[in-house]
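Spelled out from the first residue to the last, the chains are:
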Amino acid sequence: IEQTSLHNSVISSVIFVIGFLLTATIADYKESEKIPAEFASIVENMYEDTKSIHDLYPKFDLETFRKNLLDILGAFREGTRTNRQGARREISDLNITFIEMEKAGVPANFIVKLKQQQAQLLRSLFRINYIQKIRFIPSAFILARSIVVLIIVVLLLTNIDPFYGGLALTGTIGFILIYMTILIQTVSVPFHEKGQTRDDVSLFLLREVAAHLSSAGEKPSTKKKRKAKK
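None of the values given here were measured: they were computed from a predicted structure.

## With respect to the packing of aromatic side chains
In step 1: According to the stated counting rule, one finds two aromatic pairs in the structure shown.
In step 2: Between the aromatic rings of Phe39 and Phe76, the centroid separation amounts to 4.0 Å while the plane-to-plane angle is 10°, which identifies the pairing as stacked. With Phe39 in helix H1 (residues 5–56) and Phe76 in helix H2 (residues 62–82), this pair connects stretches of sequence that are 37 residues apart.
In step 3: We classify Phe39 as buried; its relative accessible area is 0%.
In step 4: Judged by relative accessible area, which is 1%, Phe76 ranks as buried.

## Structural notes on the side chain of Gln117
In step 1: Structurally, Gln117 is set in helix H5 (residues 108–133).
In step 2: Among residues more than four places away in sequence, those in contact with Gln117 are Ile42, Asn45, Met46 and Asp49.

## Considerations on the confidence of the model for the protein chain
In step 1: Per-residue pLDDT for the protein chain has a mean of 84; in total, 92% of the residues score no lower than 70.
In step 2: Mean pLDDT in the protein chain bottoms out at helix H9 (residues 220–229), which sits at 46, and peaks at H5, which reaches 91.
In step 3: Here residues 220–228 is a poorly scored stretch, pLDDT under 50, and it has four contacts once near neighbours within four places are set aside; other chains count.

## Here we look at the packing of H1 against helix H6 (residues 138–156)
In step 1: Running from amino to carboxyl end, H1 crosses H6 at an angle of 150°, the nearest separation of the two axes being 10 Å. If you check the angle between H1 and H6, you find them roughly antiparallel. As H1 runs across H6, the sense of the crossing is left-handed. Side by side, H1 and H6 meet where His7, Val10, Ile11, Val14, Val17, Ile18, Leu21 and Thr25 of the first sit next to Ala140, Phe141, Leu143, Ala144, Ile147, Val148, Ile151, Val154 and Leu155 of the second.

## Topic: the environment of Glu44
In step 1: Tracing the chain through its elements places Glu44 in helix H1.
In step 2: Separated by 166 residues in sequence, Glu44 and Ala210 have C-alpha atoms that sit 8.7 Å apart.
In step 3: Setting aside its immediate chain neighbours within four residues, Glu44 contacts Val209 and His212.

Calculation rules
- Residues numbered from 1 in each chain as written.
- Predicted model: local features only at pLDDT ≥ 70, side-chain atom pairs only at ≥ 80, totals over all residues.
- Heavy atoms only, no water.
- Phe/Tyr/Trp six-rings, centres within 6.5 Å; stacked < 30°, edge-to-face > 60°.
- Helix = DSSP H or I, 4+ residues; strand = E, 2+ residues; numbered from the N terminus.
- Buried < 20%, exposed > 50% of the residue type's maximum accessible area, 1.4 Å probe, protein only.
- Contact = heavy atoms within 4.5 Å.
- pLDDT = per-residue confidence, 0-100.
- Axes fitted to C-alpha atoms, helices over the stretch in contact; angles between N-to-C directions.
- Parallel < 35°, antiparallel > 145°, perpendicular 65-115°, else oblique.
- Left-handed = near helix turned anticlockwise from the far one by under 90°.

Have a look at this one:
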């Protein structure tokens, strides 16, 4: 095939389609980066609020609530990596503590706030599950892969002089297009199994909050021993 201006138009069209998909996918990826921080802050805030409430109304079991929050953090970390429901059951188990708080005479406005935070946890969980499992316009992904293959075949069949320069140019364009399609595939799933890719959204904030809650449940004697060792 002789080289014409049509080649430039075709390559520009391919890059436009891939760029559109990459932009849309990056938006979900950026949102996924915010969700772990929001989830961790809500969990820690819930524990601090219930700890203050427990000082005034000590009849409900704060320790069980703390353990439930730790279960939520652990299930959320594992669930986001394996594309499953994650902490849905653990979040629902918080209702048991809310019932205990009502029986202990805790004012309704305190419980309502905690239930609103519980709803925010579920919203974050559902949003992560949706981003993990649903691709942005699957037909567009098929289109992008197809046109990348077609444009590489067309470039290979095009008569570009000099030969080795044309071959290097074809290889460069092919590398860029293939890499962009792989990048879209990787970014469309923000949470892979541990160690699978370098582009996963980090969950270190969840681990830090879990460590904070774990240390909050330690006995005072244990904490004193740790300080003495330090």
